[in-house]
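Structure at a glance
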Amino acid sequence: VAFGETAKVTPQQAFDALAAKGVVNGFPDGKAHLDKDLTRGEFAKIVTKLFGLTEVTGKLSYNDKGYNAKNWAVPYIEAVTAAGLMQGQDTVKGIFNYNGKVTVEEVAKVLAIALKLEQPTTTDNSASVWAKGYAQAVINAGLVEKTANFKANALRSLVVETAYYADQIGKVPTLTVASAE
Ligand code: 6LA
C-alpha cells in the first residue's frame, strides 16, 4: 500500500473491523449477512456509532407511526438529525420513514456531509436530482463506484465498506513538508 492510500479490504473484513469497534453488530446466527439491505433506522444507528454522536432522548422530531420513546431507533435518528446528517424523507409532513430501506444515494448524502466532501457542480451519476452532488462527492472520494445504482437499496456490504473507508479517511496521515527557512 502506497503512502497515503488505504488498503483494500473485503466487506467481511470491513464488517469485522467495525464490529470490533462496536459500530455494527452481527445477527443472532453470528453472521454479517452482507447481502441483505438495511432500514433507515438501522443506518442511523451505524452512523451514530461510526461518528461517535451522542444518542438523543426526550425528543421526537418526526411524525411516523410508532415513532415514540419506546422505539429503539429513536435516539439514533434524533442523534443524526441533531448532527445535521439526516432530515427525513418529507420535511413538510415530518416523515423519517425509519422502516424504509436505506438507498445508496441516502448513504452518499450522509457520508458526504459528515466527511465535509466537496460537492462538484458537474456530475455524472445515476442519483436523483437532490442527491447528484452528494453522489459525485463520494465517487470522487473513491468511496463508491461511479457505476453504482444510487437509487437502489444499499446492501450491508456497501454500507460497511463505505463506513470503513470513511473511518480511515480521518486517520490517513498527511505529509507535512518542512519549510526551507
Ligand atoms: C426532505 C428532503 O428533501 N429529503 C431528501 C434527502 O435530503 C433525504 O436524505 C436522507 C439521507 C435523510 O436526510 O433522511 O434520506 C432521505 C432523503 O429524502 C430526500 O427526499 C426524498
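Below is a summary of the structure that appears in this document.

What counts and what doesn't
Residues numbered from 1 in each chain as written. Predicted model: local features only at pLDDT ≥ 70, side-chain atom pairs only at ≥ 80, totals over all residues. Heavy atoms only, no water. Near = heavy atom within 4 Å. Polar contact = N/O pair within 3.5 Å; in protein donor to acceptor, adjacent residues only side chain to side chain. Areas by Shrake-Rupley, 256 points an atom, 1.4 Å probe, with all protein chains shown as cover. Helix = DSSP H or I, 4+ residues; strand = E, 2+ residues; numbered from the N terminus. Buried < 20%, exposed > 50% of the residue type's maximum accessible area, 1.4 Å probe, protein only. Lys, Arg positive; Asp, Glu negative; His and termini not counted. Salt bridge = Lys/Arg side-chain N within 4 Å of Asp/Glu carboxyl O. Contact = heavy atoms within 4.5 Å. Core = buried A, V, L, I, M, F, W, Y, C linked by side-chain atoms within 4.5 Å. Phe/Tyr/Trp six-rings, centres within 6.5 Å; stacked < 30°, edge-to-face > 60°. Lys NZ or Arg CZ within 6 Å of the ring centre and 35° of its normal.

1. Description of the site of the ligand
- Looking at the ligand, the residues that line it are Arg-40, Met-86, Gln-87, Gly-88, Gln-89, Thr-91, Glu-106, Lys-109 and Trp-130.
- Between Arg-40 and the ligand, the recorded distance is 2.7 Å, taken from a side-chain N or O atom to an oxygen atom.
- In this structure, an oxygen atom belonging to the ligand sits 3.0 Å away from a main-chain N or O atom of Gly-88.
- Burial of the ligand by the protein chains amounts to 80% of its free accessible area of 470 Å².

2. Points about the side chain of Arg-156
- Tracing the chain through its elements places Arg-156 in helix H6 (residues 156-169).
- For the buried Arg-156, no salt bridge exists, and the shortest N-O distance to an oppositely charged side chain is 5.4 Å, to Glu-42.
- A polar atom in the side chain of Arg-156 sits 3.2 Å from the backbone oxygen of His-33.
- Excluding residues within four positions of it along the chain, Arg-156 makes contact with Phe-15, Asn-25, Phe-27, Ala-32, His-33, Leu-34, Lys-36, Asp-37 and Leu-38.

3. Structural notes on the side chain of Asn-125
- Tracing the chain through its elements places Asn-125 in the loop between helix H4 (104-114) and helix H5 (132-140).
- Classification of Asn-125 as buried rests on a relative accessible area of 11%.
- If near-sequence neighbours (up to four positions away) are discounted, Asn-125 is found in contact with Lys-132, Ala-135, Gln-136, Ile-139 and Phe-150.

4. Observations regarding the nonpolar core
- With 52 residues, the main nonpolar core has Phe-43, Ile-77, Val-138 and Phe-150 as its most contacted residues.
- Contributing elements (two or more residues each) for this core: helix H1 (11-20), helix H2 (40-50), helix H3 (74-82), H4, H5 and H6.
- Excluding residues within four positions of it along the chain, Ile-77 makes contact with Gly-41, Ala-44, Tyr-62, Tyr-67, Phe-96 and Tyr-98.

5. A word on unusual backbone geometry
- Although it is not a glycine, Asn-97 sits at a positive phi angle of roughly 65°.
- Note that Asn-97 resides in the loop between H3 and H4.
- The class of Asn-97 is partly exposed, set by a relative accessible area of 26%.

6. Section: the packing of aromatic side chains
- Inspection of the entire model under this criterion finds five aromatic pairs.
- Measuring from ring centre to ring centre gives 6.3 Å for Tyr-67 and Tyr-98, while their planes differ by 45°; the resulting arrangement is tilted. With Tyr-67 in the loop between H2 and H3 and Tyr-98 in the loop between H3 and H4, this pair connects stretches of sequence that are 31 residues apart. Here the two residues Tyr-67 and Tyr-98 agree in accessibility, since each one is buried.
- An aromatic cluster is defined as three or more aromatic residues linked by ring pairs; in this entry it consists of Tyr-62, Tyr-67, Phe-96 and Tyr-98.
- In this structure, Lys-36 packs its charged tip against the face of Phe-27, placed 5.7 Å from the ring centre.
- Of note, Arg-40 hangs over the ring of Phe-96, and the distance from its end group to the ring centre comes to 4.4 Å.

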